Structure formats: structure tokens, C-alpha cells
Amino acid sequence: MTAREVVKDIYWVGAIDWDRRLFDELIPLPDGTSYNSYLVKHQDEALLVDTVDPAKKEEFFQNIKETKSKNIKYIIAHHAEQDHAGCIKDVLQNFPGCQVITNNKCKNLLIDELHLEEKNFFEIQDGEIFQFGNRKYQFIFAPWVHWPETFLTYLPEEQMLFTCDFFGSHLATSTLWAPDDAFFLRATKRYYAEIMMPFRQNIQNHLKKLKDISIKIIAPSHGPIYQDPETILRAYHEWVSDEVKNEVIIPYISMHGSTQKMVSYLVEQLMKRNIKVTPYHLINTDIGELAMALVDAATVILASPTVLTGPHPQMVYAAYLCNVLKPKVKYAGIIGSFGWGSMMEEGLLKILTNLKVELLPTVMIKSYPREEDFIKLDQLAEQILINHQKIK
Ligand code: FEO
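To keep things clear, this report deals only with the structure shown in the data block. Owing to the predicted nature of the structure, the values given are computational and were not obtained by experimental measurement.

1. Brief notes about helix α5 (residues 182-196)
Here's step 1: With 15 residues, α5 ought to run about 21 Å at 1.5 Å a step, and its terminal C-alpha atoms sit 20 Å apart, in line with that.
Here's step 2: Counting buried positions over the 15 residues of α5 gives 11, a clear majority of the element.
Here's step 3: Along α5, the residues classified as buried are F184, A187, T188, K189, R190, Y191, Y192, A193, E194, I195 and M196.
Here's step 4: Its buried side turned inward, α5 meets β5 (27-28), α6 (200-210), α7 (230-240), α9 (287-296) and α10 (313-325).

Below, the structure is given as C-alpha cells:
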């Protein structure tokens, strides 16, 4: 690994985690990730912006060494999660007198997580400007991206914004600067969907705040740095907006083919009505793909067989994710099958309490679908068409 200069006297000293495939023991990382830490040099002293995951401590300290900084005076800690804050204690031990610049909420979290002391901190307020060397650092509080303590730091001279998780992407790449391509945009969308989507309304407010400052560089703490942030800002505006697309997603599972038959039929009917539709077989679906699909879709249909009178456990998991991710879907429906009795609809509705949706008529069928069941699915497709015509 090697430290890299981002702009004059500001170095990337983070770590690339090429092999990591799971985050928080939950989120798939098909393309690995990175933990970006930045070091701002002033003569032979320096200020760090976040640290890295403790698993990458060695590389991190090697990178700091390469910048030939003799003393780290400060660490700005934007966020207390360990992939960024996990090496703070090591920095304090290696550079006695170093202080952690952060807000009150983050300070308290770090005291609990890392067993630090009050004297280790320099507490800042929203809007405060801090001077280190010849640079000013302006702090912009941006809570809930994605924890309550999160904030951003703006360097007016460079028009550079450090955003920690905000605008990040889980992408291990040797490229320092974000490419303007579809693959990268998809990585940022996946990251938004998995981490930021539940806080869509907070982000709407943060984006409004950012309109007041001129930004040339966005330096997040995961993935490449944005030299021209217009594309990512435009994408975020679209994702967090209240606008939905003419899209239906159908997370589904089927044990003996009955629910599968219903899903296939509904997919055909929606396609005939020129509605974009994607079924997601839950056994084969990466939850990041499902989360991404929820960013834009107007309608979600959950399709499950009945297991022990309730929804299939895979569907319970998918419904729980849909609920906690709080997507902006406008319409939701349940379809499925049962052998002798079912409380599946009630079970799923109890899970979906966060969704502010108009419910579509449930289609539950006994055993294998008959002609009258397909008619109900036709009616469901027609209702979805009518709804989507309202949102176009
Ligand atoms: Fe990348 Fe919330 O930590």
C-alpha cells in the first residue's frame, strides 16, 4: 500500500480491503471495499481525517509513515463506527497529545467504544470553523448518515468536502478518482440503498444545506474520490426525491411451484402493460440487489407460500428488510398460496409497518392456481397499471 497525494499536502492514507465480502455480518460486498483516511500536512505536523478498520491498522500506519509527518496533532472523527474510528486509540498512543476533533454525540460514542477519556477530545459545534496551519476546516453537522453523530468537514481553500460514509461506495479499486461510468454509479447506488435509504428525508435536508457551498471534490471514507461531484449529487437528489418509477419488484419464494406460477403469470401481465417488472427469487438474491431495486420502484409485491400458517421464513426476512430500509414505494401487495389455511397476509402486514403505502388487494390461492385465480392476478396487474399512470 502507498500513501497518495489527493491535492497539495492532502494525502490518502487509507486501506483497500480487496477480499472483504461481508459488512456488519449482513451486507454483501461483491467488490470489496476501502476505508479512506486522509492526512493533511502542515510542515511536519499533520491532521488526520478519520482512520481505518482495525484489520488494516498496519497498512494505515505504514501510509502515515510514508508522508513523513512527525506528529499527528488532530484526528477529525466524523463517525464512531469502527471501520473509520477503530484505529483512533492507536493513533493517540503513537502520537501523545493528539486530540480527537468531533461533536458531542460522537465523543460519547467513542468514549464508550474505545474507552477514551474526555481529555482526548476537542469538541466542536455545527458551523464552527477550526484553523490548523494555513487551512480552515468548517464543520457541517449531518446527523443520520447513517448514525446520529455524523458530520462533514469542508475545506474552503480546496472546496473539498470530507463526507465519511455519505456518498461512499463499497468498492475496492486502485483508482483514487471516481470514474464517470455505469459500474461505479451502480456501486454508489447499492451503497445508498443498503446504508442510507432509511434516512432519505434527513439526506434531502443535508443536500439542501450543501447547495450553499461550492464543492469541487467530495472525499468519502469508502470508495473513490469525486473530482467532479455533479454526477453523484444529481444521483443522490434523484434517489432521495419522492419520485418513483414505473417499476414493480416481486421478491418471491415458492416451495412446490404454485407461488412461482402466480409470479410468472403476474410478470407476464405487467410486461403486457409496459410496466418494468423484476422478480427476485429470494434463495438466489443478494440482499444488496433487492435493496437497490427498492430505491426507484413504485410497487412491491411480496409473493410467498404458507409455512406453518405464516409466510415462508425467507419472505419474513425480505419483508423485514423492506420495512427497515423504508423505501419510497407507493404501493404494496401480497400474493401467495396455502394448502389448508393461512395467516400469511396478517403476518406480513405486521412486519411492514414502516411502509407508507397504499395496499393492493391480496391474492391468496388454495394449492395450485385455477382460472379464477389468474383473473384475480389480471385484476391486480390492471390496478397496478392504473396506479402507475398516476405517478408517471
Ligand atoms: Fe463506514 Fe458507518 O461506517
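2. Quick look at the side chain of E194
Here's step 1: Assignment of secondary structure puts E194 in helix α5.
Here's step 2: Exposure remark for E194: the relative accessible area of 13% places this residue in the buried category.
Here's step 3: Excluding its chain neighbours within four sequence positions, the residues that come into contact with E194 are I27, P28, H170, G288, A291 and L325.

3. Observations concerning helix α4 (residues 104-114)
Here's step 1: Along α4, the residues that are buried comprise C106, K107, L110, I111 and L114. Viewed along the axis of α4, the buried residues span an arc of 140 degrees, placing them on a single side of the element. Exposed residues on α4 whose side chains face more than 90 degrees from its buried face are K105 and D112.
Here's step 2: The elements touched by buried residues of α4 are α2 (82-85), α3 (88-94), β10 (99-102) and β11 (121-123).
Here's step 3: One or two residues past the end of α4 sits H115, with phi positive at roughly 55 degrees.

4. Some words on the pattern of salt bridges
Here's step 1: In this structure the tally under the stated criterion is 22 salt bridges.
Here's step 2: Residue D90 pairs with K57 through a salt bridge whose shortest N-O separation is 3.2 Å. Residue D90 is located in helix α3, and its partner K57 is located in helix α1 (residues 57-66); the two are separated by 33 residues in the primary sequence.
Here's step 3: The class for D90 is buried, based on a relative accessible area of 16%.
Here's step 4: Here K107 and E123 are joined by a salt bridge, their closest N and O atoms 2.9 Å apart. Taken together, the residues K107 in helix α4 and E123 in strand β11 connect sequence positions 16 residues apart.

What counts and how
- Residues numbered from 1 in each chain as written.
- Predicted model: local features only at pLDDT ≥ 70, side-chain atom pairs only at ≥ 80, totals over all residues.
- Heavy atoms only, no water.
- Helix = DSSP H or I, 4+ residues; strand = E, 2+ residues; numbered from the N terminus.
- Expected span 1.5 Å × (residues − 1).
- Buried < 20%, exposed > 50% of the residue type's maximum accessible area, 1.4 Å probe, protein only.
- Contact = heavy atoms within 4.5 Å.
- Arc of directions from axis to C-beta.
- Salt bridge = Lys/Arg side-chain N within 4 Å of Asp/Glu carboxyl O.

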